[in-house]
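Close look at the chain arrangement
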Amino acid sequence: MLKGVQAALGKPVNEEYLRMAVFFTDGYIGNEREILSEVSKLGGGARVFAFGVGYDVNVRLLDRLSDENHGKSDYVKEKEDVAPKIAGLYNKIKSPVMTELAMEVPGLRLR
């Protein structure tokens, strides 16, 4: 997964666009610290979404990836219909929500 993180987030950042990365996995992923460190280093404010399929996924890693990077994680069991889960993921990322907004109005105190 480390190579996938580097490929997805290693490109130069264009501040005009919100960066999003979606990681799909169907197996256990090791080297958690290395992956989390690389996402932190390269992420640059990107929203990271994780999608696990099956029973052998590293839920702890995928949840941390998405939680620490303003994304969401979701899971589907092996015999479960994947279509509703993919549609749910698409609905989450198709219209991003603005966060951490700041506003200043000279002469006014805003809360």
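Residues numbered from 1 in each chain as written. Predicted model: local features only at pLDDT ≥ 70, side-chain atom pairs only at ≥ 80, totals over all residues. Heavy atoms only, no water.

Turning to the overall build of the protein chain, a few remarks are in order. Within the protein chain, the secondary structure is distributed over four helices and three strands. Walking the protein chain from its N terminus toward its C terminus, one meets helices and strands in the order α-β-α-β-α-β-α. Seen along its three principal axes, the alpha-carbon backbone of the protein chain occupies a region of about 60 × 30 × 25 Å. Of the contacts made within the protein chain by residues no fewer than 6 positions apart, 63% connect residues no fewer than 24 positions apart. (Helix = DSSP H or I, 4+ residues; strand = E, 2+ residues; numbered from the N terminus. Contact = heavy atoms within 4.5 Å.)

Here we come to helix α3 (residues 59-68). Those residues of α3 lying buried are Leu61, Leu62, Leu65 and Ser66. Viewed end-on, α3 has its buried residues packed into an arc of 125°, placing them on one side of the element. Opposite the buried face of α3, at more than 90 degrees from it, the exposed residues are Arg60 and Asp67. On its buried face, α3 sits against β1 (20-25), α2 (32-43), β2 (47-53) and β3 (73-76). Following α3 by one or two positions, His70 has its phi on the positive side, about 55°. (Buried < 20%, exposed > 50% of the residue type's maximum accessible area, 1.4 Å probe, protein only. Arc of directions from axis to C-beta.)

Here we come to the nonpolar core. Counting residues in hydrophobic clusters, the biggest one holds 16 residues, and the most contacted among them are Val5, Leu9, Ile35, Val39, Leu61, Leu62 and Leu65. Counting residues per element, the ones that place at least two in this core are α1 (2-9), β1, α2, β2 and α3. Residues contacting Val39, with those up to four places away along its chain left out, are Val5, Leu9, Val48, Leu65 and Asn69. (Core = buried A, V, L, I, M, F, W, Y, C linked by side-chain atoms within 4.5 Å.)

The subject of this paragraph is the packing of aromatic side chains. Tallied over the full model, the rule gives one aromatic pair. Their ring planes at 55° and their centres at 5.3 Å tell us that Phe24 and Phe51 sit as a pair that is tilted. In this pair, Phe24 sits in strand β1 while Phe51 sits in strand β2, placing the two residues 27 residues apart along the sequence. The exposure class assigned to Phe51 is buried, which follows from its relative accessible area of 1%. (Phe/Tyr/Trp six-rings, centres within 6.5 Å; stacked < 30°, edge-to-face > 60°.)

Scanning the model with the defined rule gives five salt bridges in all. Residues Glu38 and Lys41 are paired through a salt bridge, measuring 3.4 Å at the closest nitrogen-oxygen approach. Here Glu38 pairs with Lys41, and both are found in helix α2, just three residues apart, close to one helical turn. What makes Lys41 exposed here is its relative accessible area of 60%. Of the charged contacts, one joins Lys85 and Asp74 as a salt bridge, the two residues approaching to 3.3 Å between their closest N and O atoms. Within this pair, whereas Lys85 is found in helix α4 (residues 83-94), its partner Asp74 is found in strand β3, the two being separated by eleven residues in sequence. (Salt bridge = Lys/Arg side-chain N within 4 Å of Asp/Glu carboxyl O.)

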